[in-house]
Amino acid sequence: MTRQRSTQTMKPATAAKKLGVYLDATPDEFRNGVVSRDELDALQADPPEWLRELRRNGPHPRPVVADRLGVSISGLARAGITEPLTTAQIAALKEEQPEWLLRERSIRAEAQREEARLRAERSGAGK
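Residues numbered from 1 in each chain as written. Predicted model: local features only at pLDDT ≥ 70, side-chain atom pairs only at ≥ 80, totals over all residues. Heavy atoms only, no water.

Okay, the packing of helix α5 (residues 62-69) against helix α7 (residues 87-96) next. Between α5 and α7, the shortest axis-to-axis distance is 10 Å and the interhelical angle comes to 35°. Along this stretch, α5 crosses α7, giving a crossing that reads as right-handed. Every residue of α7 that contacts α5 at Val65, Arg68 and Leu69 is listed here: Thr87, Ile90, Leu93 and Lys94. Its residues assigned to classes, the contact of α5 with α7 shows four nonpolar, one polar and two charged. (Axes fitted to C-alpha atoms, helices over the stretch in contact; angles between N-to-C directions. Helix = DSSP H or I, 4+ residues; strand = E, 2+ residues; numbered from the N terminus. Left-handed = near helix turned anticlockwise from the far one by under 90°. Contact = heavy atoms within 4.5 Å. Nonpolar A, V, L, I, M, F, W, Y, C, P; charged D, E, K, R; others polar.)

The next thing to look at is the pattern of salt bridges. Tallied over the entire structure, the rule returns 10 salt bridges. The closest approach of N and O atoms between arginine 52 and glutamate 49, which form a salt bridge, is 2.9 Å. Of this pair, arginine 52 and glutamate 49 both sit in helix α4 (residues 49-57), three residues apart, which is roughly one turn of that helix. What makes arginine 52 partly exposed here is its relative accessible area of 34%. (Salt bridge = Lys/Arg side-chain N within 4 Å of Asp/Glu carboxyl O. Buried < 20%, exposed > 50% of the residue type's maximum accessible area, 1.4 Å probe, protein only.)

Rolled over the atoms, a probe with the dimensions of a water molecule shows which regions are left empty. What the largest pocket holds in volume is close to 220 Å³. As for the largest pocket, its lining consists of Ala13, Ala16, Lys17, Gly20, Val21, Tyr22, Leu23, Pro61, Pro63 and Val64. Mapped by element, the contributors of at least two residues to the lining of the largest pocket are α1 (12-19) and α5. For the lining of the largest pocket, the element with the most residues is α1, which contributes three residues. For the lining of the largest pocket, the residue count by class is eight nonpolar, one polar and one charged. (1 Å grid on protein atoms, 1.4 Å probe; cavity = no way out; pocket = protein on both sides within 12 Å on 5 of 7 lines; lining within 4 Å. Points joined across faces, edges and corners; volume = space filled by probe spheres on them.)

This is how it looks when you write it as structure tokens:
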């Protein structure tokens, strides 16, 4: 006798995070339901127009905003940016180059250099 496997589902917030979109900007039917693993895979493989539009123009969640600006999520918080931003707002910040953005980019770059140094140190110590 073969046991039937149950379908794995997730909350819309989890699915939105995996898709890299801001939950409150998604359609009602997405926000008010559950998303199966198969549905998530289908959305990733062949995104509907609403998903392509959100990815293209936003509003974007903080991890996406931070990545596009080249700063950390903590850096966004230090700069007082707590709301999602659109692609146009991100582009305006990049062009404007405010002092906080330059500072946070240098902080992130230094942190990445230190992580790389520690990784190299650990891999060298294991030989």
